[in-house]
Amino acid sequence: MNQEKNDKPVSLLVVDDELSVRDSLTKWFKEDGFKVDSAADATEALKKLKPGVFDIIFLDIKLPGMDGMELQRRIKDVDPNATIIMITAYASVDTAVKSLKEGAYDYVTKPVDPDYLSHLVANVIKQRRLVTENVQLKERIQDLYEIDQIIGESPAMQKVFDMIKAVAPTDTTVMIRGESGTGKELIARAIHSNSPRRFFPIITVNCGGLTEGLTESEFFGHEKGAFTGALYRRKGKLELADGGTVFLDEVGNIDPKTQTDLLRVIETKQFTRVGGDETIHVDFRLICATNRDLELAVKQGTFREDFYYRLNVFSISIPPLRERRSDIPLLCNYFLKKLASSMNKPVTSFSAEAMEHLKAYDWPGNIRELRNAVERAVVVANAPVITAEQLPIPRTPKATAHDQSLDAVEQAHIQNILEQVGWNITRASEVLGIDRTTLYNKIEKYGLRK
Amino acid sequence: MNIYLLPLRFPDNHLLPDLASSISHAFNLTVLLLEKPLSLKEGYDPVRNQYNSTWILAQILKLFPEENCKILGITGLDLYVPVLTFVFGEAQLDGKAAVVSSFRLRDELYGLPKNAEKLKDRLEKEAIHELGHTFGLIHCHDPNCVMFTSTYAEEIDFKFIELCPVCSEFLKKSFHL
Ligand SMILES: [Zn+2]
Ligand SMILES: [Zn+2]
């Protein structure tokens, strides 16, 4: 929140002869946590003005008595550091431009687009370094954010953590490689929330799921009336990310035309909305992720080489789960604790046999698959300990590798076959080459359950 | 303390049950539906073809069912305050009443395909946001917090429906919620 003890709140003065303008702007800015004062005319404004009291002054160009232009000069004499933003009733560009020449920061026309106003003020504050001070303050207090939800003690994951810590505070473009389900978005979020941009949003664009015909608008936005049905301006993802981070997920799926467009924006930090000619300046950090072989795509000509080099500046590879099996118990227990508490079920652990299965399985869907497996097991669990039978994963021969007795192998084999045929006893006894009574006896002996 | 939900020319009544439970979850308070007719005619500006949200707040304040409660007006009308082109909603900071509009939250206004799920999600977030102001919460710096300021529909999608730990703590300390 803005109201932290050590922060000096941003202080604003609104000078306008219209009560409704003073009131609504005062209210609007109070919700931002600013200190707001107002004045109905130049005399009142000058009475309140002292050097260093106000950071930003909103000034109506047309005031009774001394007008806004004259007041602007007087303010500059008293407090040259205050940022002045002129308010005009209608777009009287001439006067507004004149005020800019005399040192006003910008002007707004009534009624003003709240989105424009909000970003205008945010930019002023950024320039006045108040945000920076605030960021530094928070950094001193809490140091680095915990890298939340990314679990792993294996050397492979420790290497990933080290890379995140090294690259996060910089503005370097990051490419995250990894199979699907390895948690690439979590890595992107960890980088963002440990960067100086953390007080601005991280905007995810799923490049694999872009709606055909809307890709351009998705990235760059469009003006009102750019096409049928566009009653209002749409801001693109790049504009929404201003100050923050853009995360391009499945970047390998971007079409060549959009690759060209994005490359230009990355180089110039500016673009225009579809159907518009206003130049929009943006400042964002780029993080991409892919599970595709981009080098191959470059060779095959489906991915632009220059775009590839722009993106592949600092690359982090997340190992698949089967290459860091020592992390599996840690992950299972993390998800178990989390899911059991959210489902309000007193499930607390896995049986030794269940854990053996979890560790032996190959997890082609990686962490996402493991999380889903634990979730289903928690749903069906009827005791504090999750048993191997309650896990929705196929039995692998490896699961019994630690116990090679004839009984153990027979038990695993019967269980496998029963699962393959969906517990159809007749079918299973045919496959196993034994009669149904023998099968029932064996099911009972080994305590097999669906 | 109770929170009252007051539909004011709101076309999507089917969204109200989920909205009520989301609000109840956010503030840990009972949410009740309040059905009182309120003429909005005088709040209409024919030139702007919009309704003055500050005027609507004043009308809501007149029909308080009990002393210690909050009321959230919910409408499908396009709202404005005089100096701004539009608002998603308005609230009395540290007060009793708030109003929120679904009008500008619809994807189809921006030339995108209709998306019922997004409309519901945005409305719930903005409703909690405006009510948060009535509890004295101001805009939050945490981009994930529901009290992060949003002045554009798709911006609402990037914050969560939850209050961040700092804002929750403020509610707990001030109101024991
Ligand atoms: Zn707000
Ligand atoms: Zn917050």
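Residues numbered from 1 in each chain as written. Chains lettered and ligands numbered in written order. Predicted model: local features only at pLDDT ≥ 70, side-chain atom pairs only at ≥ 80, totals over all residues. Heavy atoms only, no water.

Novice: Can you walk me through the overall build of chain B in this structure?
Specialist: Of the regular secondary structure elements, chain B holds 5 helices and 8 strands. In sequence order, the secondary structure elements of chain B are arranged as β-α-β-β-β-α-β-β-β-β-α-α-α. What you see for chain B is a C-alpha radius of gyration of 15 Å, in line with the 16 Å of a compact globule of 177 residues. With the C-alpha coordinates of chain B rotated into their principal frame, the extents come out at 45 × 35 × 30 Å. Burial analysis of chain B (177 residues in total) assigns 59% to the buried set. Contacts spanning at least 24 positions in sequence make up 67% of the contacts within chain B whose residues lie at least 6 apart. For chain B, the exposed area adds up to about 7,200 Å²; of that, 53% sits on carbon and sulfur atoms. A distance of 3 Å separates the average location of the 17 positive side-chain charges in chain B from that of its 23 negative side-chain charges. (Helix = DSSP H or I, 4+ residues; strand = E, 2+ residues; numbered from the N terminus. Rg over C-alpha atoms; globule rule 2.2 N^0.38 Å. Buried < 20%, exposed > 50% of the residue type's maximum accessible area, 1.4 Å probe, protein only. Contact = heavy atoms within 4.5 Å. Areas by Shrake-Rupley, 256 points an atom, 1.4 Å probe, with all protein chains shown as cover. Lys, Arg positive; Asp, Glu negative; His and termini not counted. Charge placed at Lys NZ, Arg CZ, Asp CG, Glu CD.)

Novice: Can you help me understand the pattern of salt bridges in this one?
Specialist: Pairing is possible between side chains of opposite charge, provided their charged atoms come close. All names here are of chain A. A complete count under the given rule lists 40 salt bridges over all chains for this structure. The salt bridge partner of Lys110 is Glu18, with a shortest N-O separation of 3.1 Å. Placement of Lys110 in the loop between β5 (106-109) and α5 (114-127) and of Glu18 in the loop between β1 (11-15) and α1 (19-30) is noted, with a sequence separation of 92 residues between them. For the salt bridge of Lys442 with Glu410, the shortest nitrogen-to-oxygen distance reads 3.2 Å. Pair noted here: Lys442 is in helix α19 (residues 436-446) and Glu410 is in helix α17 (residues 406-420), with a separation of 32 residues, a long-range link. The network of salt bridges with shared partners includes Glu223, Arg233, Glu239, Arg273 and Glu278. (Salt bridge = Lys/Arg side-chain N within 4 Å of Asp/Glu carboxyl O.)

Novice: Please explain the confidence of the model for chain A as it appears in this structure.
Specialist: Segments scoring low in pLDDT should not have their predicted coordinates read at a detailed level. All names here are of chain A. In this model, chain A carries an average pLDDT of 87, and 91% of its residues clear a pLDDT of 70 or more. Note that residues 1-6 has pLDDT below 50 and, in this model, 18 contacts with residues that lie over four places away or in other chains. Within the model, pLDDT remains below 50 along residues 137-144, and this stretch shows 9 contacts once partners closer than five positions in the same chain are excluded. (pLDDT = per-residue confidence, 0-100.)

Novice: Sorry if this is basic, but what is going on with the interface of chain B and chain A here?
Specialist: The figure often quoted for interface size is the accessible area lost as the parts come together. If you look at the interface, chain B gives 39 residues, while chain A gives 41 residues. Regarding the contact of chain B and chain A, the summed buried area is about 3,500 Å², with carbon and sulfur atoms giving 63% of it. Per-residue buried area on chain B facing chain A is highest for Val83(B), His141(B) and Phe158(B); these three make up 20% of the total on that side. For the interface between chain B and chain A, the tally reads 4 salt bridges. Here chain B is connected to chain A by 17 residue pairs in polar contact (both at pLDDT 80 or more). (Buried area = accessible area lost by both parts, 1.4 Å probe. Polar contact = N/O pair within 3.5 Å; in protein donor to acceptor, adjacent residues only side chain to side chain.)

Novice: In this structure, what is going on with the coordination of the zinc ion (ligand 1)? I would like to understand it.
Specialist: Four donors placed tetrahedrally around a metal ideally meet at 109.5 degrees, and six donors placed octahedrally ideally meet at 90 or 180 degrees. All names here are of chain B. Of the protein atoms, only His129 (NE2), His133 (NE2) and His139 (NE2) coordinate the zinc ion (ligand 1), at distances of 2.0 to 2.1 Å. Look at where the donors of the zinc ion (ligand 1) fall in the sequence and you get H-x3-H-x5-H. Highlighted residues: His129 in helix α3 (residues 116-134) and His139 in the loop between α3 and α4 (153-156), separated in sequence by 10 residues. Using a relative accessible area of 8% as the deciding quantity, one classes His139 as buried. (Donors = N, O, S within 2.8 Å, 3.2 Å for Na, K, Ca; no water.)

Novice: In this structure, what is going on with the sheet that holds strand β10 (residues 245-249) of chain A? I would like to understand it.
Specialist: Strand pairs in the sheet, formed through backbone hydrogen bonds, run parallel or antiparallel to each other. Residues and elements named next belong to chain A. A sheet is described by the order of its strands in space; here 5 strands give the open sequence β7-β10-β13-β6-β14, paired in parallel fashion. With one partner strand each, in any of the chains shown, β7 (202-206) and β14 (314-317) form the two edges of the open sheet. In this sheet, neighbouring strand axes are inclined to one another by 20 degrees on average, regardless of whether the strands run parallel or antiparallel. Pairing geometry for strand β6 (residues 174-177) and strand β13 (residues 285-290), over 4 bridges, is parallel. In the strand pairing of β13, Met175 is matched with Cys288. (Pairing = 2+ DSSP bridges. Axes fitted to C-alpha atoms, helices over the stretch in contact; angles between N-to-C directions.)

Novice: I'm lost on the domain arrangement of chain A in this one. Help?
Specialist: Residues and elements named next belong to chain A. Its domain assignment divides chain A into domain 1 (11-140), domain 2 (149-317), domain 3 (322-390) and domain 4 (406-446). Each of domain 2 and domain 3 was reduced to a C-alpha centroid, and the two centroids are 33 Å apart. Counting residues at the interface gives 10 residues for domain 2 and 13 residues for domain 3. Taken together, the two surfaces of domain 2 and domain 3 that pack against each other cover about 1,000 Å², and 51% of this comes from carbon and sulfur. (Domains from an automatic or database assignment.)

Novice: How should the coordination of the zinc ion (ligand 2) be read in this particular structure?
Specialist: Residues and elements named next belong to chain B. Those protein atoms acting as donors to the zinc ion (ligand 2) are Cys140 (SG), Cys145 (SG), Cys164 (SG) and Cys167 (SG), and they sit at 2.3 Å. For the zinc ion (ligand 2), the 4 donor atoms in the first shell make angles of 105 to 113 degrees at the metal, so the coordination geometry reads as tetrahedral. In primary-sequence terms, the residues that donate to the zinc ion (ligand 2) follow C-x4-C-x18-C-x2-C. Of this pair, Cys145 sits in the loop between α3 and α4 while Cys164 sits in the loop between α4 and α5 (165-175); the two residues are 19 residues apart in sequence, bridging distant segments of the chain. What makes Cys164 buried here is its relative accessible area of 7%. (Tetrahedral: all angles 85-135°; square planar, octahedral: opposite > 155°, others 65-115°.)

Novice: Looking at this structure, how should I read the packing of aromatic side chains?
Specialist: Two aromatic rings are characterised by how far apart their centres lie and by the angle between their planes. A complete count under the given rule lists 14 aromatic pairs over all chains for this structure. Their ring planes at 80 degrees and their centres at 4.7 Å tell us that Tyr361(A) and Trp363(A) sit as a pair that is edge-to-face. Side by side, Tyr361(A) and Trp363(A) carry an identical accessibility label, which is buried. Through a chain of ring-to-ring contacts, three or more aromatic side chains come together here, namely Phe29(A), Phe34(A) and Phe58(A). Over the ring of Phe284(A) we find Lys269(A), and its NZ or CZ is 5.0 Å from the ring centre. Seen from the ring of Phe135(B), Lys70(B) lies directly overhead, with NZ or CZ sitting 4.6 Å from the centre. (Phe/Tyr/Trp six-rings, centres within 6.5 Å; stacked < 30°, edge-to-face > 60°. Lys NZ or Arg CZ within 6 Å of the ring centre and 35° of its normal.)

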